[in-house]
Structure formats: structure tokens, C-alpha cells
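Examining the three-dimensional arrangement
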Amino acid sequence: MNKDTSTGALFSRALDKKLTSGISKQHQDSLRHVFNHFMRFLGPDGRETPLKDLTTGQIEAFLQQYNTSATHYMNKRRDLSVLFNTAGRMIDEYLMTVRKTEVRRIKATLHLAYEREQLQPVLGFLKANHINLYRCALMTYGCLLRPHEEIRLLTKKHFKMNNTEIHLEGNENKGGRVRVVFVPDYVREEFEPVLNAIGRDDNIFSLAKEPFNDSYFSKQWSREKKKLLSHGLIYPKQTLYSFRHTAAIDVFRRTKDVYMVQKIMGHASVLVTLKYLRSLGEFNTEELKAAAPVL
């Protein structure tokens with residue numbers, strides 16, 4: 001058998017191809033993770049098996065390891081499918097092996113938006129108790145960036161035009177395109193002392209060349225969330241990501257323009273934007289009156 005058509009060899013080439021295609025660091029890490037797990041699952045003999053000889057049963061047995069939730073299962077299925085399809089194209093084969101595996105319905109998890117009267121008390125608590133988390137939340141709300149994949153990795157060089165803009169390359173944001181983000185005055189004033197004290201390549205949170213690890217803000221939020229809940233400042237379904245949802249709703253309420261929200265959020269599809277607006281709930285009387293059809 002030509003070793004180049006073995007599953008191990010083709011998957012290795014497929015991974016290398018994806019890692020050099022300009023995808024985000026988060027996507028790169030996800031693909032590496034599923035590649036390593038799948039190679040261990042196959043073992044030496046399985047890695048030598050021709051790719052087209054793998055069965056749907058084998059793939060499903062592998063995916064059973066990720067049964068903790070439908071989301072976890074489907075994310076691994078998606079990442080494996082990316083590598084499988086890329087490897088299949090290398091031997092000019094359209095393989096349905098992963099596509100035939102079980103599909104599980106993901107129940108949407110709502111990052112409940114903050115109410116207007118909650119926002120200042122929550123930010124005030126974070127500012128007094130965890131300055132990095134406060135700054136991340138402030139930027140998540142004010143700049144509508146994603147906390148873990150985008151904000152966590154920001155350095156001084158990302159700030160342009162006297163710190164009134166943040167510029168992200170295509171591989172630095174989920175949308176995959178160059179993105180320019182406006183920095184409101186209240187965010188700029190908070191970060192300017194930090195930016196003035198660090199080097200061009202230094203991270204704005206770690207204050208060093210290396211950023212904090214991927215789970216840094218998740219872990220910090222988990223600790224502070226317990227205190228926020230005990231003080232009655234937040235509800236259980238409100239998260240760090242809720243600041244972004246809150247900002248999207250605020251922009252929509254002021255502009256009544258879902259496409260403006262889409263642009264500010266950096267969404268490729270307006271359907272994604274609409275999901276962010278699903279926690280709008282009931283409009284108040286004045287909003288309903290303003291929206292009423294006129295004869």
C-alpha cells in the first residue's frame with residue numbers, strides 16, 4: 001500500500017494545510033486537539049489503514065468519547081469533519097464517513113443580557129475586586145469584541161489612531177476578515193495608562209509578551225460570579241459574554257438597524273446577529289407605539 005494514502009499520513013498533511021490557511025488560533029487549537037485524540041484512538045494499525053477504508057462505525061465509536069453534551073459532541077464532529085474532508089480532497093475522494101454519523105441537536109445556551117440598572121453595579125464590583133476582569137468586561141461591552149479569543153490577546157500595537165481604534169487581522173478574529181473597531185472614550189481612558197506603560201508587543205493584561213492562557217478569563221469569571229450571585233448583582237444565566245449581548249441590544253434599541261448591529265459585531269451573517277437579539281423580550285409601550293404601522 002502507498003503509505004501516502006494512509007489515514008495517519010493524510011490527516012497529518014490535512015492538519016498542516018489547515019494550520020497554514022489563516023484560520024484563528026482557537027480553530028487551530030481545536031483541530032490539533034481532535035487530530036491528536038483521533039490518532040491515539042486509531043492506534044498504529046488504524047493509522048496505517050487507507051482513509052477510504054475507515055467506517056462510520058469507527059468514527060461514531062471515537063465520537064462517543066465526547067458525550068458530555070450535544071455541543072461538545074457536535075464540535076468534535078465538526079472538527080473531525082474538517083480534517084476528514086481536507087484529507088479526502090488530497091486523494092480526490094468525496095467521503096461521507098463523518099457525515100453519516102449521528103447528528104445531535106444543540107440546545108441554545110442564552111447569555112442573558114444585563115438589565116440597564118445592573119450594568120453599572122456589576123462593572124463597579126468588578127473594578128473594585130478584579131481589575132483585569134473589569135477591563136475585559138468594559139471592552140466586551142464598549143467595543144463588542146469577544147473576550148476569550150480577541151480581547152485576551154490584544155497588545156499595544158492593535159491600538160491605532162490615538163487609541164480610538166483597534167485593528168484586527170483576519171486571523172485575529174472569528175470573522176476571518178480584517179476588522180476595525182471603534183474604542184469609546186470610557187474604554188480609551190481606562191486603557192491609556194496601561195498602553196503608555198507597556199511596549200508595542202506587550203499584552204494589555206499580562207503586561208508581557210506572552211498573554212494569559214486560553215482559560216484565564218473563564219476561570220476568573222467563575223470565581224467572581226459566585227460573589228456577584230451572592231450579592232444579588234447578577235442572574236445565573238448572565239456571563240462575561242453577556243456584556244457583548246447587552247451591547248448588541250443597546251445598539252439595536254438606539255438604531256433599530258439590525259444590519260448596523262451585524263457590522264459592529266463583525267458577524268458574517270445577519271442570522272447570527274438575530275440570535276444575539278433574541279433576549280430583547282418585550283418592548284416597552286413607547287417602543288411599540290413608535291413602531292406601530294401608520295395609515
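None of these values were measured; they are calculated from a predicted model.

Structural notes on the pairing of strand β2 (residues 165–168)
- Alternating residues of β2 divide into Ile-166 and Leu-168, all buried, and Glu-165 and His-167, none buried.
- With two bridges joining them, strand β1 (residues 159–160) and β2 adopt antiparallel strand pairing. Among the inter-strand pairings, Phe-159 is bridged to a residue of β2, identified as Ile-166.
- Linkage of β1 to β2, two consecutive antiparallel strands, is achieved through a turn of four residues, within which Met-161 is found at a positive phi near 50°.

Thoughts on unusual backbone geometry
- Not every positive phi belongs to a glycine, and Leu-207 is a case in point at roughly 65°.
- Inspection of the secondary structure puts Leu-207 in the loop between α7 (185–197) and α8 (216–230).
- With phi around 55°, Lys-256 is a residue other than glycine that occupies positive phi space.
- For Lys-256, the position within the fold is in the loop between α9 (242–255) and α10 (258–265).

What about the packing of aromatic side chains?
- Enumeration over the complete set of coordinates arrives at 13 aromatic pairs.
- Centroid distance Phe-62 to Tyr-66: 5.5 Å. Interplanar angle 70°. Geometry classified as edge-to-face. Note on accessibility: Phe-62 and Tyr-66 belong to one class, buried.
- Note on Trp-221 and Phe-243: the rings are 6.4 Å apart at their centroids and 85° apart in plane angle, and the pair reads as edge-to-face. Note that Trp-221 is positioned in helix α8 and Phe-243 in helix α9, a separation of 22 residues in sequence. Take Trp-221 and Phe-243: they sit in the same class, and that class is buried.

Considerations on the pattern of salt bridges
- Applying the stated criterion across every chain yields a total of 15 salt bridges.
- A salt bridge links Arg-32 to Asp-29; the nearest nitrogen and oxygen atoms lie 3.2 Å apart. Here Arg-32 and its partner Asp-29 are both found in helix α2 (residues 25–48), three residues apart, which amounts to about one turn of the helix.
- Here Asp-185 ties to Arg-188 by a salt bridge, and the two come within 3.4 Å at their closest N and O atoms. With Asp-185 and Arg-188 both in helix α7 and three residues apart, the pair spans about one turn of that helix.
- Each of Arg-116, Asp-250 and Arg-254 takes part in salt bridges that share partners, so that together they form one network.

Some thoughts on the sheet that holds strand β3 (residues 179–182)
- The sheet built from three strands is open, its strands ordered β1-β2-β3 with antiparallel pairing. Each edge of the open sheet carries a strand with a single partner, namely β1 and β3.

Section: the nonpolar core
- Counting residues in hydrophobic clusters, the biggest one holds 49 residues, and the most contacted among them are Leu-126, Met-139, Leu-145, Ile-166, Ile-204, Trp-221 and Phe-243.
- Counting only elements with at least two residues in this core, the list comes to α5 (116–129), α6 (131–142), β2, α7, α8, α9 and α10.
- With seven residues, α6 is the single largest residue contributor to this core.
- If you look at the next biggest cluster of nonpolar residues, it comprises 26 residues, including Phe-38, Met-39, Leu-54 and Phe-84.

Reading guide: rules and limits
- Residues numbered from 1 in each chain as written.
- Predicted model: local features only at pLDDT ≥ 70, side-chain atom pairs only at ≥ 80, totals over all residues.
- Heavy atoms only, no water.
- Buried < 20%, exposed > 50% of the residue type's maximum accessible area, 1.4 Å probe, protein only.
- Helix = DSSP H or I, 4+ residues; strand = E, 2+ residues; numbered from the N terminus.
- Pairing = 2+ DSSP bridges.
- Phe/Tyr/Trp six-rings, centres within 6.5 Å; stacked < 30°, edge-to-face > 60°.
- Salt bridge = Lys/Arg side-chain N within 4 Å of Asp/Glu carboxyl O.
- Core = buried A, V, L, I, M, F, W, Y, C linked by side-chain atoms within 4.5 Å.

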